[in-house]
Amino acid sequence: MMGWLSEWWRGGSAVVEPATLRDAARLAQLHGASFARGWGEGEFESMIGERNTLVHRLRLGGKTIGFAVSRVGADEAEILSIAVDAAYRGRGLSRTLLMTHLGHLAGRGIRTIFLEVEENNQPARRLYERAGFTVVGRRERYYKQPNGEQLNALLMRRDLS
Ligand SMILES: CC(C)(COP(=O)(O)OP(=O)(O)OC[C@H]1O[C@@H](n2cnc3c(N)ncnc32)[C@H](O)[C@@H]1OP(=O)(O)O)[C@@H](O)C(=O)NCCC(=O)NCCS
């Protein structure tokens with residue numbers, strides 16, 4: 001019992017799979033709860049259906065609790081968004097999600113991956129740094145918050161060998 005419980009807590013039974021059109025509503029809900037400007041169900045449907053976009057869902061115990069989205073072009077990709085349901089954060093699940101997503105990008109011949117992250121977003125920065133991304137640029141006042149606050153963005157890059 002305790003072994004199962006500790007495995008569950010570490011996220012051992014999490015599964016990362018390609019998203020389907022039926023996931024669009026749930027992914028929009030997760031996105032809206034995680035970011036100031038949420039993406040709608042229709043936006044997710046478009047991205048899931050497009051050939052140049054890669055969308056993965058993170059499932060745990062039969063429930064979709066996260067997603068990762070990248071746009072690909074030639075041998076480069078940009079991670080557009082990644083999120084884990086707030087109730088499931090802090091268990092290392094985003095690492096499982098990101099590493100699987102990167103594996104699929106590598107499988108599509110992607111050699112370089114970029115992303116932007118808000119400078120003060122420590123969980124995201126830690127996630128990306130641990131996954132081998134390095135800071136290659138900084139954009140001042142890049143994110144405009146609903147309250148008028150302007151936050152800096154870091155541009156990160158990882159090369160896949
Ligand atoms: C970013 C996000 C996906 C991370 O998901 P998660 O499953 O909670 O992440 P993990 O549990 O794998 O933790 C990631 C790292 O951040 C660290 N971390 C977690 N909370 C932290 C905090 N408040 N301050 C500093 N570091 C923190 C963890 O210790 C871990 O680092 P480690 O591997 O060295 O121990 C999640 O916080 C999220 O969905 N945030 C909202 C959306 C978002 O900001 N997405 C990123 C946009 S670029």
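Everything below is about the structure shown above.
Residues numbered from 1 in each chain as written. Predicted model: local features only at pLDDT ≥ 70, side-chain atom pairs only at ≥ 80, totals over all residues. Heavy atoms only, no water.

1. Let's talk about the site of the ligand
Logical step 1: The full set close to the ligand counts 21 residues, and G90, G92, S94, N121 and R126 are the nearest of them.
Logical step 2: Contacts to the ligand include G92, whose backbone N or O atom sits 2.8 Å from an oxygen atom.
Logical step 3: N121 places a polar side-chain atom, nitrogen or oxygen, 2.7 Å from an oxygen atom of the ligand.
Logical step 4: Surface burial for the ligand is 71%, taken as the share of its 960 Å² of free accessible area covered by protein chains. (Near = heavy atom within 4 Å. Polar contact = N/O pair within 3.5 Å; in protein donor to acceptor, adjacent residues only side chain to side chain. Areas by Shrake-Rupley, 256 points an atom, 1.4 Å probe, with all protein chains shown as cover.)

2. Notes on the packing of aromatic side chains
Logical step 1: With the rule as written, the count across this model stands at 4 aromatic pairs.
Logical step 2: Each ring, one from F44 and one from F67, has its centre 5.4 Å from the other, and the planes form 80 degrees; the classification is edge-to-face. You can see F44 sitting in helix α3 (residues 41–49) and its partner F67 sitting in strand β3 (residues 63–73), a full 23 residues away along the chain. For the pair F44 and F67, a shared accessibility class is recorded, and that class is buried.
Logical step 3: Joined through ring pairs, the aromatic side chains of W39, F44 and F67 make up one cluster. (Phe/Tyr/Trp six-rings, centres within 6.5 Å; stacked < 30°, edge-to-face > 60°. Helix = DSSP H or I, 4+ residues; strand = E, 2+ residues; numbered from the N terminus. Buried < 20%, exposed > 50% of the residue type's maximum accessible area, 1.4 Å probe, protein only.)

What is shown is where atoms sit, not what they do.
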